[in-house]
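Each chain, letter by letter, is given below.
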Amino acid sequence: MLFLVAALMLFGAVLGTVAHAPFTFTLVAAALIAAWLGIFALRERHGRRTH
């Protein structure tokens, strides 16, 4: 949970930088973050079903 909070804080700091980044880079970064969160959610759901 602490890692998630740190990631969100870092994301907030990087958000100001996104305004200066190329649009394609922003889309790729957003897709990677969405994929990571999706995998995390699936692992959490699967872990709760097996325990």
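Analysis parameters
- Residues numbered from 1 in each chain as written.
- Predicted model: local features only at pLDDT ≥ 70, side-chain atom pairs only at ≥ 80, totals over all residues.
- Heavy atoms only, no water.
- Helix = DSSP H or I, 4+ residues; strand = E, 2+ residues; numbered from the N terminus.
- Patch = residues over 30% accessible without salt bridge, like charges linked within 9 Å, V, L, I, M, F, W, Y side chains within 5 Å.
- Areas by Shrake-Rupley, 256 points an atom, 1.4 Å probe, with all protein chains shown as cover.
- Salt bridge = Lys/Arg side-chain N within 4 Å of Asp/Glu carboxyl O.
- Phe/Tyr/Trp six-rings, centres within 6.5 Å; stacked < 30°, edge-to-face > 60°.
- Buried < 20%, exposed > 50% of the residue type's maximum accessible area, 1.4 Å probe, protein only.

The name given to the protein chain in an unreviewed UniProt entry is Small hydrophobic membrane protein, with Streptomyces gilvifuscus as the source organism.

Turning to the environment of Ile33, a few remarks are in order. On the secondary structure map, Ile33 appears in helix H2 (residues 23-50). Here the alpha-carbon distance between Ile33 and Arg43, two residues 10 residues apart in the chain, equals 15 Å.

Here we take up a nonpolar patch on the surface. On the surface, a nonpolar cluster with roughly 590 Å² of combined accessible area is contributed by Phe3, Phe11, Leu15, Ile33, Trp36 and Leu37. Mapped onto the nonpolar patch, the elements with two or more residues apiece are helix H1 (2-18) and H2. Looking at the secondary structure, you find Phe3 in helix H1.

Centre-to-centre distance and the angle between the planes together describe a pair of aromatic rings. Counted under the stated rule, the structure contains 2 aromatic pairs. Note on Phe3 and Trp36: the rings are 6.0 Å apart at their centroids and 75 degrees apart in plane angle, and the pair reads as edge-to-face. With a gap of 33 residues between them, Phe3 in helix H1 and Trp36 in helix H2 connect regions that are remote in the sequence. Judged by its relative accessible area of 60%, Phe3 falls in the exposed class. Trp36 sits in the partly exposed class, given a relative accessible area of 38%. When the ring of Trp36 is compared with that of Phe40, the centres are 6.2 Å apart and the planes differ by 25 degrees; the resulting orientation is stacked. In this pair, Trp36 and Phe40 are both assigned in helix H2, 4 residues apart and thus about one turn of the helix distant. Phe40 sits in the partly exposed class, given a relative accessible area of 38%. Taken together, Phe3, Trp36 and Phe40 form an aromatic cluster joined through their ring pairs.

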